[in-house]
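Structure assessment
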Amino acid sequence: RGPSRRAPRTAMAAPLKRCLVRRRDGREQHGVAASCLRELRDKASGILAIDKAREPITLVLAEDGTIVDDEDYFLCLPSNTKFVALAKNEKWSSKSLDSSTAWLSESVDEVDSAAEKWKQLARQLKDDLSNIILMSEEDLQVLIDVPRSDLAEELAQSQTKIQVLQDTLQQVLDRREEERQSRQLLGLYLEALKNEDSILSKVAESETVPRKEMDVVDTGTSSTGTPAKTALSDQILAALKEKPAPELCLDSQDLELVLKEDTQALASALRWDKQKAETLQQACDQELSKRLQQVQTLHSLRSTSKGKKTLPWGDWPSSKRKK
């Protein structure tokens, strides 16, 4: 009786399908061979080290986020289909592609996307030069590194004007670096004052407060709240955590995302206390306000001067109309 049950399963066993899986915010992809959707889920959970408490996982197509929960649909997919494994309560977002889609393209595509990036940034400047203020340091460096002849051809300007433009971009980059160094020095100074005050405070407490009472206070401050989730990408979180003045590194769109983020969720994602996260959001708010004010000032000057001829690099880009 036992063998008669096993025989049909062996005869009807589906062939193994080769698949590629990764986490939502991860760059690493893993090859998995599975005969059915359930087997793929189990193997993906194991190979991606997803906690049992965050199961069951959901598999979606990496290219557009289509949820794959039908066995027949899975069997119709071609080999080497790329999947994203979403843990419990996670959602697929196209924004995650910005920082984790290098594995979706071949090396040639990466070169093309890099070339497309500087052209896209150049078109932003062609539409409005004040966009310089809103760009991140990475974007500024991309435009600085572009060969002068290529940038001149893309913007339909002379190489002399492009040289002035790239010098201006470098000045903006240098100014942000100076601001970062100044804030870093100020931060070190304030931290030293804070440590000094803390030491003096502890000395004063040790002379007036009994030991047992101090222990109660110490244990009370060690409690933490339930960790909250953040919608920020890994790229933004890395910049916030690693850069001494992250608000200068991010473009204006990323600064807005940081400001909209829940303070507790941000603190949890960065493994900071809430006060430090609030200070970071205040710095981002100040930097964004300053950039927007600079843009408004430029627009005001431009309207009063009746044209763009007062800009340091000439009548940009109205020269195309004169032809």
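Located above this text is the structure these notes cover.
Procedures and definitions
Residues numbered from 1 in each chain as written. Predicted model: local features only at pLDDT ≥ 70, side-chain atom pairs only at ≥ 80, totals over all residues. Heavy atoms only, no water. Helix = DSSP H or I, 4+ residues; strand = E, 2+ residues; numbered from the N terminus. Buried < 20%, exposed > 50% of the residue type's maximum accessible area, 1.4 Å probe, protein only. Contact = heavy atoms within 4.5 Å. Areas by Shrake-Rupley, 256 points an atom, 1.4 Å probe, with all protein chains shown as cover. Salt bridge = Lys/Arg side-chain N within 4 Å of Asp/Glu carboxyl O. 1 Å grid on protein atoms, 1.4 Å probe; cavity = no way out; pocket = protein on both sides within 12 Å on 5 of 7 lines; lining within 4 Å. Points joined across faces, edges and corners; volume = space filled by probe spheres on them. Nonpolar A, V, L, I, M, F, W, Y, C, P; charged D, E, K, R; others polar.

A word on the overall build of the chain. When helices and strands are counted, the chain shows 15 helices and four strands. For the chain, buried positions account for 33% of its 323 residues. Contacts spanning at least 24 positions in sequence make up 62% of the contacts within the chain whose residues lie at least 6 apart. Within the structure as shown, the chain displays about 20,500 Å² of accessible surface, and the carbon and sulfur contribution to it stands at 51%.

If you walk through the whole model with that rule in mind, you get 15 salt bridges. A salt bridge links glutamate 39 to lysine 43, with the shortest nitrogen-to-oxygen separation between them at 3.2 Å. Of the two residues, glutamate 39 and lysine 43 both sit in helix α2 (residues 37–47), four residues apart, roughly one turn of that helix. The closest approach of N and O atoms between lysine 117 and glutamate 138, which form a salt bridge, is 3.2 Å. Taken as a pair, lysine 117 in helix α5 (residues 107–127) and glutamate 138 in helix α7 (residues 137–145) lie far apart in primary sequence, 21 residues in all. Relative accessible area serves as the criterion here: at 44%, glutamate 138 is assigned to the partly exposed category. Linked through salt bridges whose partners overlap, the residues forming this network are Arg175, Glu179, Arg183, Glu247, Glu287, Lys290 and Arg291.

In this section: the layout of surface pockets. Of the pockets and cavities examined, the second largest pocket occupies roughly 1,000 Å³. Surrounding the second largest pocket, 26 residues form its lining, Gly187, Glu191, Pro244, Lys276 and Thr279 being those nearest its centre. When contributions to the lining of the second largest pocket are tallied by element, the ones reaching two or more residues are α9 (159–208), α11 (234–242) and α14 (274–304). A per-element tally of the lining of the second largest pocket places α9 first, with nine residues. Here the residues of the lining of the second largest pocket sort into ten nonpolar, six polar and ten charged.

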